[in-house]
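Chain by chain, the residues run as shown.
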Amino acid sequence: MMNRTRNIASVVLMLLVSLGMAAQTITKPSVKTPTSFAVFVDQLSYEKARTAIDAYRQSVEADGLGTYLVVGDFKSPESIRELLVKYHADKKQPLEGCVFIGDIPIPMIRDAQYLTSAFKMNQKADWKESSVPSDRFYDDFSLKFDFIRQDADRPLYFYYSLRADSKTRLSPDIYSGRIKPVEIEGVDKYRLLSDYLMKVVREKQDTDNVLDRLSMARGHGYNSEDKLAWAAEQLALREQMPRLFRSGSTVKFFDYDDLFPMKNILLNEVQDPALDVMLFHHHGSSETEYINGLPEGSSLSVSIENIKFYLRAKLPSRAREVGREQAIKEYSERLGVPRQWCEKAFDSLKLVQDSLFNETLDIHTYDVRKLRPGARFILFDACFNGSFHQKDYLAGAYLFAPGHTVAAVAGTVNALQDKWPDEFVGLLAAGMRVGQFNRFTGYLESHVIGDPTFHFKNDGALAFDINKALTVHDRDAAFWRKQLSCRLPDVEAMALRQLLYAGEKGLPELLRRTYLASDNFVVRMEAVKLLSQNYPELAVATLKESLDDSYELVRRLSAEYVERIADPALIPAFVGAFLNRGHEKRLSFRLSGAMMAFDSGALQRELDRQLEGRIVYSDTIINEIRQAIRVSQTRMNADLKELAAPGQKSSVYRNAIYGYRNHPTPLMADEFLRIAADKARPMEVRLYAVHTLGWYDLCYRRADIARSLRQIKTDDKALAEELSRSVNRLEHGE
């Protein structure tokens, strides 16, 4: 049945591709340049905004990129991808990037959550919500997909499954961008499109704009509000973009608690017409940037008001479920607060005031539409802010407002906090196009919203054209070896990445030497990242040292790699890091969550060993470590008990197994292997186990796990496919 369904889908796809190819009008580049670019626009958008689209294409060509213009009623993503592959293969003028203007098909990717930074929704949920809108379908040619179907309600949505035999890592061949106007009632979206494109044309005329004005803001709850993480990022920015910290330039930092509320301060800042870049770090939704929570303070009055605010937020909805009297009784007893506080939680005037107060805390799309944003480029390090597949979305609100903003990088689904959002950001100051920035840093959900060709003028620190180098010399080992001595840290870091892609011999040894020798935070971070993600068995010696690196992000991401590799040889360094740096909020958060990676007895013994002869004034952190060890062991014991109990609902087994995708401890691997091989188990439960074992792709036992999975024989097509997918991940399929 599955093969029959796929055959039908293939026939439908072939028909859609042939219809799409027939309906296209292609204009070739009008100038000869080392590389090329492609604009794809739907027929109606072109008819409505032709003058602006043609002007945009001319401005791109004037900037040194011969540009294809492809206009059509595209019936499927496949016809677009075929053209991109063809243009990229042109040796005389290889394609370096593309942009999709208007209503261009949106690939909705399934079975690829491991290529996102954090997204792990149950795929049985609504496909519109449980699929990842992603243009990696278009720009990463090595990914392999099976077409499933087109959405009946949203015809731009095309659902694809990432094939089990696909490459398991992202390495886009080109960059891409989306220029999709927001759709607001009473507003002509084609007028928004024309106005935006003419704004881009004007900005491109300023060819002398160097990146010398940058602001960075942090919202509440981001990275545990860790001051060390916040300070370390500022130090790294000085390393990446030294010009910002010299006279004549300006860099500003805004924390969520500098003033209360910070919303208006940030809205003022982002409108500065001289601002080049705005970096936002916060939580988010498709239409909101979350900036502040409730006021913080140690005074009694602030604490009381916050409690009353909480009661007004919770009690009315609870009362609708169980009745007013019961709701008051529950909250009064559970929280130990006076009954009269609960009774006043229904005050209609107070509820209106609360609603107005909430409006002052966060930035919404309707706030942005009143602005004239000045920042040319905005990075949204947040969940959902780049949801271009929705009618209204936060990044789009900035782009399609008047002002100067022409490009943003943002995600279509939820995003991980513990990542490296500023990786290669220094190359923007060297003139790198925004599209190239996202190409080398993005996840499945990451997108350039706006013009991906936008770039600042090279500030003079780099002697060659970085954009040409990243296309013409992509994966050129000889060229990038020479850049290892470049004085710009981000160029040296990019050289390491390019040597990885080129298959450089002896790269693990080079990465270790680089980590030990480099004075630069970002170079050491790149070395640790590449070593851990690609040569995990060889990363152990380096991780023992990087857990105590002077750069906070190196320490924090090293903790993640230690958990995922989970080699027992790392236990002494792991315990030592917690013991010596347990006061660091985000690092201790990562270390606490990683406790399950190691045997609890071994952890306790190592802690006792390191405490021998140690002078201890306070045992606060020691107690936290012991508590974290107990909690992790208790959780595993509870999950093992759940898994051993027969006849439970499928969701019980799913929850007990899937939680280990975030914490792939080898201590649970054998249990999952037993479940995967157990023919008496429901097929759905076996699939959960096989799927989760695919997340052990850095584990020191990954080869053993892959061998065990290969020994499982089955006639069930779904299980066979999931076995193939997980083995491919464990063996780092390319």
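Here the structure is shown first, and the text comes after it.
Bear in mind that the values here come from a model prediction, so they are computed numbers and not experimental data.

Enquirer: Is there a simple way to think about the sheet that holds strand S16 (residues 377-381) in this case?
Expert: Through backbone hydrogen bonds, the strands of a sheet pair up, either in parallel or in antiparallel fashion. Strand order in the open sheet formed by eleven strands is S1-S3-S2-S4-S9-S18-S17-S16-S12-S10-S11, with mixed pairing between adjacent strands. Every interior strand has two partners, whereas the edge strands, strand S1 (24-27) and strand S11 (250-255), have only one. Adjacent strand axes in the sheet meet at a mean angle of 20° when their direction is disregarded. In this structure, strand S10 (residues 213-218) lies alongside strand S12 (residues 277-281), joined through five bridges in parallel fashion. Following the sheet pairing, Ala217 is matched in S12 by Phe280. Along the sheet, helix H3 (residues 50-62) makes contact with S1, strand S2 (36-42), strand S3 (66-72) and strand S4 (95-101), crossing S3 at roughly 155°. Contacting S10, S11 and S12, helix H8 (residues 227-240) crosses the sheet at an angle of about 165° to S10.

Enquirer: Explain the packing of helix H20 (residues 489-501) against helix H22 (residues 521-534) here, please?
Expert: Helix-helix packing is described using two parameters, namely the angle between the two axes and the distance between the axes. Here H20 crosses H22 at 15°, and the two axes come no closer than 8 Å. The pairing of H20 with H22 is recorded here as roughly parallel in orientation. The two elements H20 and H22 meet at a crossing, and its hand is right-handed. Packed against H20, whose contacting residues are Pro489, Asp490, Glu492, Ala493, Leu496, Arg497 and Leu500, the element H22 presents Val522, Val523, Glu526, Ala527, Lys529, Leu530 and Asn534 at the interface. Class assignment of the residues belonging to the contact of H20 with H22 gives a composition of eight nonpolar, one polar and five charged.

Enquirer: How should helix H33 (residues 717-730) be read in this particular structure?
Expert: In an α-helix, one full turn covers 3.6 residues, which means residues spaced three or four apart are oriented alike. For H33, built from 14 residues, the straight-helix expectation of 20 Å at 1.5 Å per residue is met to within 8% by its first-to-last C-alpha distance of 20 Å. Counted residue by residue, H33 has ten buried out of 14 residues, so it is predominantly covered. Those residues of H33 that fall on the buried side of the exposure criterion are Leu719, Glu721, Glu722, Leu723, Arg725, Ser726, Val727, Asn728, Arg729 and Leu730. Of the residues that open H33, the one with a side-chain oxygen 3.2 Å from the backbone nitrogen of Ala718 is Asp716. Trailing H33 by a residue or two, His732 shows a phi angle of about 55°, which is positive.

Enquirer: What am I meant to see in the packing of aromatic side chains here?
Expert: The relative placement of two aromatic rings is captured by the distance of their centres and the angle of their planes. This structure, assessed with the given rule, holds 28 aromatic pairs. Aromatic pair Tyr68 and Tyr87: ring centres 3.7 Å apart, planes at 5°, arrangement stacked. Residue Tyr68 is found in strand S3, and its partner Tyr87 is found in helix H4 (residues 77-88); the two are separated by 19 residues along the sequence. Aromatic ring contacts, followed pair by pair, group Phe40, Phe74, Phe100, Phe137, Tyr138, Phe145, Phe147, Phe158 and Tyr160 into a single cluster. For the cation-ring pair, Arg81 lies above Phe137, with the distance from its terminal atom to the ring centre recorded as 5.0 Å.

Enquirer: What am I meant to see in the sheet that holds strand S7 (residues 145-150) here?
Expert: Here we have four strands laid out as an open sheet, ordered S6-S5-S8-S7, and mixed in their pairing. The open sheet is flanked by strand S6 (132-133) and S7, the only strands paired with a single partner. In terms of strand pairing, S7 meets strand S8 (residues 157-162) through five bridges, oriented antiparallel. Opposite Arg149, over in S8, you have Tyr159 as the bridge partner.

Enquirer: Got a minute to help me understand the pairing of strand S18 (residues 446-450) in this structure?
Expert: Within a regular beta strand, the side chains point alternately toward one face of the sheet and then the other, so they alternate between its two faces. Counting buried positions along S18 yields five of five residues, so the element is predominantly enclosed. Pairing of strand S9 (residues 175-179) with S18 involves two bridges; the strand directions are parallel. Note that in S18 the partner of Gly177 across the bridge is Val448. Bridge count between strand S17 (residues 407-411) and S18: five bridges; the pairing is antiparallel. Looking at the pairing, Ala410 lines up with His447 of S18.

Enquirer: Would you take a moment to explain the pattern of salt bridges for this structure?
Expert: It is possible for side chains bearing opposite charge to pair when their charged atoms get close. The full count for this structure, using the stated rule, is 62 salt bridges. As a salt-bridge pair, Arg702 and Glu537 come within 2.9 Å of each other at their nearest N and O atoms. With Arg702 in helix H32 (residues 702-710) and Glu537 in the loop between H22 and helix H23 (540-546), this pair connects stretches of sequence that are 165 residues apart. Of the charged contacts, one joins Glu671 and Arg674 as a salt bridge, the two residues approaching to 2.9 Å between their closest N and O atoms. Of this pair, Glu671 and Arg674 are both found in helix H30 (residues 669-677), three residues apart, which corresponds to roughly one turn of the helix. Judged by its relative accessible area of 14%, Glu671 is buried.

Enquirer: Mind showing me how you'd approach the side chain of His389 here?
Expert: Locating His389 in the fold gives a position in the loop between S16 and helix H15 (394-399). Polar side-chain contacts of His389 include one of 3.5 Å to the side chain of Gln390. The contacts of His389, once residues within four sequence positions are left out, are Ile106, Pro133, Arg154, Tyr157 and Thr412.

Enquirer: Would you take a moment to explain a positive patch on the surface for this structure?
Expert: Taken together, the side chains of Lys28, Lys32, Lys86 and Lys92 define a basic patch exposed on the protein surface. Relative to the helices and strands, Lys32 resides in the loop between S1 and S2. Look at Lys32 and you get exposed, because its relative accessible area is 79%.

Enquirer: In this structure, what is going on with the pairing of S17? I would like to understand it.
Expert: Judged by how many residues are buried, S17 sits mostly within the fold: five of five residues are covered. Of the pairings in the sheet, the one linking S16 to S17 comprises three bridges and is parallel in character. Bridge pairing in S17 places Leu379 opposite Val409.

Conventions we followed
- Residues numbered from 1 in each chain as written.
- Predicted model: local features only at pLDDT ≥ 70, side-chain atom pairs only at ≥ 80, totals over all residues.
- Heavy atoms only, no water.
- Pairing = 2+ DSSP bridges.
- Helix = DSSP H or I, 4+ residues; strand = E, 2+ residues; numbered from the N terminus.
- Axes fitted to C-alpha atoms, helices over the stretch in contact; angles between N-to-C directions.
- Contact = heavy atoms within 4.5 Å.
- Parallel < 35°, antiparallel > 145°, perpendicular 65-115°, else oblique.
- Left-handed = near helix turned anticlockwise from the far one by under 90°.
- Nonpolar A, V, L, I, M, F, W, Y, C, P; charged D, E, K, R; others polar.
- Expected span 1.5 Å × (residues − 1).
- Buried < 20%, exposed > 50% of the residue type's maximum accessible area, 1.4 Å probe, protein only.
- Polar contact = N/O pair within 3.5 Å; in protein donor to acceptor, adjacent residues only side chain to side chain.
- Phe/Tyr/Trp six-rings, centres within 6.5 Å; stacked < 30°, edge-to-face > 60°.
- Lys NZ or Arg CZ within 6 Å of the ring centre and 35° of its normal.
- Salt bridge = Lys/Arg side-chain N within 4 Å of Asp/Glu carboxyl O.
- Patch = residues over 30% accessible without salt bridge, like charges linked within 9 Å, V, L, I, M, F, W, Y side chains within 5 Å.
- Areas by Shrake-Rupley, 256 points an atom, 1.4 Å probe, with all protein chains shown as cover.
- Lys, Arg positive; Asp, Glu negative; His and termini not counted.
- Charge placed at Lys NZ, Arg CZ, Asp CG, Glu CD.

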